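# Close look at the chain arrangement
What follows is the residue order along each chain.
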Amino acid sequence: MLKRMSWILLVCTFGAHSGEEVLSIDRVVPNSFNLAFPNESNTQPEQSHFSVNNFVLMSNDSGERWAVVTLTNMASGRRSLTNKHLMAIVADGQRIAPLEFLQSFKADETLSLTINFGESKFPLLSIYSRSGK
């Protein structure tokens, strides 16, 4: 009986994960890469004390866009990073915010976070914040 239940759990676990598509790292774009897409509506992230150090862009065949972003809290106190403090530029020039999240940082702390930017037909090209020390 225990063997049969283990087998059922294994099949259920495989079934639950088989619908998820694996993320692949997209071609690496240097952080110093300058883009000049127009931004007539002046779409910007909210001002914060967070600095984007670097990022790795990822996607899957379903069009999900993710990034591992390393950020530093430049403030002398604890701060909370939300989806409103970051923005990505996609290959058609649009600016998109990540899906909702919240992460607390200690003063001068650096963390790497895996952040979901939702689905897009176009790949992510850059991730940025708007520091207002």
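Residues numbered from 1 in each chain as written. Predicted model: local features only at pLDDT ≥ 70, side-chain atom pairs only at ≥ 80, totals over all residues. Heavy atoms only, no water.

Helix and strand counts for the protein chain come out as 1 helix and 11 strands. Mapped from its N terminus to its C terminus, the protein chain presents α and β elements in the order α-β-β-β-β-β-β-β-β-β-β-β. Going through the 133 residues of the protein chain one by one, you find that 35% of them count as buried. Contacts in the protein chain between residues at least 24 apart in sequence constitute 71% of all its contacts with a sequence separation of at least 6. In the form shown here, the protein chain has an accessible surface area of approximately 8600 Å², with 54% of it arising from carbon and sulfur atoms. (Helix = DSSP H or I, 4+ residues; strand = E, 2+ residues; numbered from the N terminus. Buried < 20%, exposed > 50% of the residue type's maximum accessible area, 1.4 Å probe, protein only. Contact = heavy atoms within 4.5 Å. Areas by Shrake-Rupley, 256 points an atom, 1.4 Å probe, with all protein chains shown as cover.)

Quick look at the sheet that holds strand E6 (residues 87-90) now. Strand order in this open sheet of 3 strands is E7-E6-E10, and the pairing throughout is antiparallel. Only two strands of the sheet have a single neighbouring strand rather than two, namely strand E7 (95-96) and strand E10 (124-128). (Pairing = 2+ DSSP bridges.)

Leu71, Leu81, Phe117, Leu124 and Ile127 are the most contacted members of the largest nonpolar core, which has 18 residues in total. Aside from chain neighbours lying at most four places away, what touches Leu71 is Phe50, Ser51, Val52, Asn53, Leu81, Leu86, Phe105, Glu109, Thr110, Leu111 and Leu113. (Core = buried A, V, L, I, M, F, W, Y, C linked by side-chain atoms within 4.5 Å.)

A few words now on the layout of surface pockets. Within this model, the largest pocket holds a volume of roughly 210 Å³. What lines the largest pocket is a set of 15 residues, among which Phe33, Asn34, Leu35, Ile89 and Ser126 lie closest to the centre. Of all the elements, strand E3 (residues 50-59) adds the most residues to the lining of the largest pocket, at 4 residues. Considered class by class, the residues forming the lining of the largest pocket number 9 nonpolar, 5 polar and 1 charged. (1 Å grid on protein atoms, 1.4 Å probe; cavity = no way out; pocket = protein on both sides within 12 Å on 5 of 7 lines; lining within 4 Å. Points joined across faces, edges and corners; volume = space filled by probe spheres on them. Nonpolar A, V, L, I, M, F, W, Y, C, P; charged D, E, K, R; others polar.)

Our next topic: the side chain of Asn116. Positionally, Asn116 belongs in strand E9 (residues 110-119). Assessed through its relative accessible area of 18%, Asn116 is described here as buried. Among the polar contacts listed, one links the side chain of Asn116 to the backbone nitrogen of Gly118, at a separation of 2.6 Å. Residues in contact with Asn116, not counting those within four places in the same chain, are Arg65, Trp66, Pro98 and Leu99. (Polar contact = N/O pair within 3.5 Å; in protein donor to acceptor, adjacent residues only side chain to side chain.)

What follows concerns the sheet that holds strand E1 (residues 24-25). Taken in spatial order, the 4 strands of this open sheet run E1-E3-E4-E9, and their pairing is antiparallel. Either end of the sheet is taken by a strand with one partner, and the two such strands are E1 and E9. As judged from the 8 bridges shared by strand E4 (residues 64-73) and E9, these two strands associate in the antiparallel manner. Bridging across to E9, Leu71 finds its partner in Leu111.

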